[in-house]
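Secondary and tertiary structure notes
Residues per chain, in single letters:
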Amino acid sequence: MSPTSPASTTRTRSTRRLTTAQALVTFLARQYTERDGRRHRLISATWGIFGHGNVAGIGQALVEAGHGGNGTAYRMPYLQGRNEQAMVHAAVGYARQSGRLSAHAVTTSIGPGATNLVTGAALATINHLPVLLLPGDTFATRPADPVLQQLEVPYAGDVSVNDCLRPVSRYFDRVTRPEALIPAALQAMRVLADPAETGAVTLALPQDVQAEAYDWPEEFFAERVWRVRRPAPDTAELEAAVRAVRSARRPLIVAGGGVRHSGAEETLAAFTAATRIPVASTQAGKGALRHDHPADVGGIGHTGTATADELARTADLVIGVGTRYTDFTTASGTLFQNPAVRFLNLNITGFDAHKLAALPLVADARTGLEALTSALAGRGYRIDPAYETEYTGAKETWEEQVEASFTTPDPTARPTQTQVLGLLDTLVTEGDILINAAGSLPGDLHKLWHTRSRDQYHVEYGYSCMGYEIPAAIGVLLATQAQGHEGRPVWALVGDGTYLMNPTEIVTAVQENLPLRLLILQNHGYASIGGLSEAVGGERFGTAYRHRDPDGGFTGPPLPVDLAANAASLGMRVLRATTVDDLRKALAEARSAEGPTCVYVETETPDTVSGPPPAQAWWDVPVAETASRPAAVTAREEYDRRVAARRHHL
């Protein structure tokens, strides 16, 4: 992808003397993306925690740039984080809410500040979301060796802890000379703006090079616009796709995150209006159609609905649109059971388009769906009305089960987790945004939540990273503000285990006076893994937050941990709810609050934390092949029965 630049037609020999860090910040402030005729700042702000590895370089450059206070067109706003991993999560939340057209940079010092980036970088890359990482690095000139926080590697002098970021980055470079920044920075922007390649991009910056001055060519600082392409499908692949659809009697669409990244929701709705093919969704794709759209049959896979999973078992053609087909989607290779099933994958990457031995349709999701709809239009394809009646009836039956799980007959009782979701479901409108990532909540939300808009459902399940929710909500709030939608309520839903992983960015929300709605569900442990542990013979070992018992286990009373008091100590307003009725009032009050507000509720015990219908499809977690304890022996028998249903699609 080549950017456009006014400097491409008028070259000058003028230079500007800046440090490498000053040059980088100046360059970043002049980069833009463009898609469908609309232009966006590519790097709109920089998160940072400063240490000796970046304070005199990038830190000083951000001061030179006015750190957001001078009102110039090329300012670089600075955002103060409290945890390096959390800063990446916030940047990822911002990028997703911005449609991957605008992103944030994250700067850290060397050593632990840099290695704390690794988890966030993996999350960004797995989810194909852009973030620019600028970790400090050890001296390029090695005047003193080792320096503070330097990892010495006896067999290689050019390795630092930043090399941990190589496998989780879509592009990595170490800028060991000032002039090396020019090609490195251009490559970094190319990858960030590439819809097929985007993810975490790392420019490791030795601290001496950051502060070194150089005479930079002025054209390096010209505005550049990186056009985000929408590749159209190959003609032969499109014809093969049309033949596959026309020959299908029980087709099923699996909508993934690529639908959202492409902004293809309306195009998907038009395709289903023409063909009546039902649409199931992955975690990343939920919201591709509204929950009340006639063709929407809900989530698919291990956390999916009975409707979607039964359709998947009998489908003769599965049309994947922007999905990676993770094991949760395919039920670890056991879901698609029709002996004649074939796959047609519309994806912007050839890697994903060829999965499951599919017919590939390599294209942008919106462009590809438009082409497929147009090609089918004159050929009279539409599914059998009996098939449409079947799935719409099954959807109605499933919705009855959803409503039953949401029901709260006793307003004075302590709510279950699904009842909490039910109360929130009755309160929100299409403007609300829900953020979650880990624990038992993603499964409940995927099965039960009524998604009302294309961006309401924000569940990060590519990496399912505990601690993502609060910082990601901050990123989403910043993005909605940038989009002119400051009034949109943004909810971070967390369990106690997730909260304890990463509550630090509450301080950032308070500092920025962001109206974060934090909903903490206290169930005294890792409820999701506790349930899984029990299912695979682990007997819930090490999953409860309780005092030790005399035998050395953790079956004593719950720990006297007060997460509400903790959130309050970090500056949040906290509303405690002990009953269903309390919770209903607290949620309504929090939704209308102007500042950061927390609703804290203690839900039922882990045994009843998840009250919806059980999993409708399997997930492969290997069980001990030999064991002396009855729980593991029984679990292995069930595992052997389930794994026998797995198949390779060839």
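Residues numbered from 1 in each chain as written. Predicted model: local features only at pLDDT ≥ 70, side-chain atom pairs only at ≥ 80, totals over all residues. Heavy atoms only, no water.

**What about unusual backbone geometry?**
Applied cut-off: Secondary structure elements follow DSSP: runs of H or I no shorter than four residues count as helices, runs of E no shorter than two count as strands, and numbering proceeds from the N terminus.
Residue Pro 146 is bonded to the preceding Asp 145 through a cis peptide linkage, with omega at 10°. Within the secondary structure, Pro 146 sits in the loop between β7 (131-137) and β8 (171-174). A positive phi angle, close to 55°, is found at Asp 36, a residue other than glycine. Residue placement: Asp 36 occurs in the loop between β2 (31-35) and β3 (38-41).

**Some remarks on the packing of helix α3 (residues 84-97) against helix α18 (residues 469-482)**
Note the threshold: An axis is simply a line fitted to the C-alpha atoms; with a helix, the fit covers only the stretch in contact. Between two such axes, the angle follows the N-to-C directions and lies from 0 to 180 degrees. Angles are sorted into four bins: roughly parallel if under 35 degrees, roughly antiparallel if over 145, roughly perpendicular if 65 to 115, and oblique for all others. Handedness of each helix crossing follows the sense of rotation of the near helix against the far helix: counterclockwise by less than a right angle gives left-handed, clockwise gives right-handed. In this analysis, two residues are considered to be in contact whenever any of their non-hydrogen atoms come within 4.5 Å of each other. Think of it as three bins: nonpolar holds Ala, Val, Leu, Ile, Met, Phe, Trp, Tyr, Cys and Pro, charged holds Asp, Glu, Lys and Arg, and polar takes everything else, Gly as well.
Relative to each other, α3 and α18 sit at 40°, their axes nearing to 7 Å. Comparing their axes, α18 and α3 come out oblique. Taken as a pair, α3 and α18 cross one another with a handedness that is right-handed. Each of Ala 86, His 89, Ala 90, Gly 93, Tyr 94 and Gln 97 in α3 lies in contact with α18, whose residues at this interface are Pro 471, Ala 472, Gly 475, Val 476, Leu 478, Ala 479, Thr 480 and Ala 482. Of the residues assigned to the contact of α3 with α18, the class counts are nine nonpolar, five polar and no charged.

**Focus: the pairing of strand β16 (residues 342-347)**
Stated precisely, the cut-off is as follows: For every residue, the accessible area (1.4 Å probe, protein chains only) is compared with the maximum for its type, and the residue is labelled buried under 20%, exposed over 50%, or partly exposed between those bounds. At least two DSSP bridges between two strands are required for those strands to pair.
Taking burial as the measure, the six residues of β16 include five buried ones, the bulk of the element. Here strand β15 (residues 317-321) runs beside β16; their pairing, made up of five bridges, is parallel. Across the sheet, Val 318 pairs through a bridge with Phe 343, a residue of β16. The pairing of β16 with strand β17 (residues 359-362) spans four bridges and is classified as parallel. Note that in β17 the partner of Asn 345 across the bridge is Pro 360.

**Thoughts on helix α15 (residues 385-406)**
Rules: The length a helix should cover is 1.5 Å for every residue beyond the first. In this context, the arc is that of the directions from the helix axis out to the C-beta atoms.
Taking 1.5 Å per residue as the helical rise, α15 with its 22 residues ought to reach 32 Å, and the 32 Å between its terminal C-alpha atoms agrees with that figure. Buried within α15 we find Tyr 387, Tyr 391, Lys 395, Trp 398, Val 402, Ser 405 and Phe 406. In a view along the axis of α15, the buried residues occupy a sector of 85°, so they form one face of it. For α15, exposure combined with an orientation more than 90 degrees from the buried face picks out Pro 385, Ala 386, Thr 389, Glu 396, Glu 400 and Ala 404. Where α15 is buried, its residues touch β12 (251-255), β14 (296-299), α11 (306-314), α16 (417-427) and α17 (441-448).

**Examining the packing of aromatic side chains**
Each aromatic ring pair is characterised by the separation of its centres together with the angle its planes make. Formally: Under the pairing criterion, centres of Phe, Tyr and Trp rings, with the six-membered ring standing for Trp, must be within 6.5 Å; the plane angle then separates stacked pairs below 30 degrees from edge-to-face pairs above 60, leaving the rest tilted. Here, a charge over a ring means that NZ of Lys or CZ of Arg falls within 6 Å of the ring centre while also lying within 35 degrees of the ring normal.
In the structure shown here, the tally under the stated rule is 12 aromatic pairs. Both rings, one in Phe 27 and one in Phe 220, keep their centres 4.6 Å apart while their planes meet at 10°; by these two values the pair is stacked. Of this pair, Phe 27 sits in helix α1 (residues 20-28) while Phe 220 sits in the loop between β10 (213-217) and β11 (224-227), placing them 193 residues apart in sequence. For the pair Phe 27 and Phe 220, a shared accessibility class is recorded, and that class is buried. Aromatic pair Trp 618 and Tyr 639: ring centres 5.7 Å apart, planes at 55°, arrangement tilted. A residue pair is termed long-range when its members are at least 10 positions apart, and Trp 618 in the loop between β23 (597-602) and α24 (630-643) and Tyr 639 in helix α24 qualify at 21 residues. Of the residues examined, Tyr 639 reaches a relative accessible area of 10% and is grouped as buried. Through pairs of rings, three or more aromatic residues link up here, namely Phe 27, Tyr 214, Trp 216, Phe 220 and Phe 221. Sitting above the plane of the Tyr 32 ring, Arg 39 keeps its charged end 4.0 Å from the centroid.

**Looking at a nonpolar patch on the surface**
Heads up, the rule is: For patch building, the residue pool is restricted to those with more than 30% relative accessible area and no salt bridge; the joining distance is 9 Å between like charges and 5 Å between nonpolar side chains (Val, Leu, Ile, Met, Phe, Trp, Tyr). Accessibility throughout is a Shrake-Rupley quantity obtained with a 1.4 Å probe, and a residue counts as covered only by protein chains that appear here. Should a side-chain nitrogen of Lys or Arg be within 4 Å of a carboxyl oxygen of Asp or Glu, the pair is scored as a salt bridge.
There is a patch of nonpolar side chains on the surface, built from Leu 500, Leu 559 and Val 561 and spanning about 210 Å² of accessible area. Judged by relative accessible area, Leu 559 falls into the partly exposed class, the value being 31%.

**Notes on the sheet that holds strand β4 (residues 43-48)**
Two pairing modes exist for strands in a sheet, parallel and antiparallel, and in both the strands are linked by backbone hydrogen bonds. With respect to topology, six strands assemble into an open sheet ordered β5-β4-β6-β7-β9-β8, the strand pairing being parallel. The outermost strands of the open sheet, each flanked by one partner alone, are β5 (78-80) and β8. Going from strand to strand, the sheet's axes swing by 20° on average, the running direction of each strand aside. Sheet analysis places β7 next to strand β9 (residues 200-206), joined by five bridges and oriented parallel. Following the sheet pairing, Leu 132 is matched in β9 by Val 201.

**Section: the pattern of salt bridges**
The tally for this structure, following the rule as stated, stands at 37 salt bridges. With a shortest N-O distance of 3.0 Å, Glu 265 and Arg 454 are connected by a salt bridge. Residue Glu 265 is found in helix α10 (residues 265-275), and its partner Arg 454 is found in the loop between α17 and β19 (457-459); the two are separated by 189 residues along the sequence. Residue Arg 454 is classed as partly exposed on the basis of its relative accessible area, which comes to 37%. The salt bridge involving Arg 642 is made with Glu 638; its shortest N-O contact spans 3.1 Å. Here Glu 638 and Arg 642 lie together in helix α24, a separation of four residues that amounts to about one turn. Salt bridges sharing common partners tie together Arg 35, Asp 36, Arg 230, Asp 364, Arg 366 and Glu 370.

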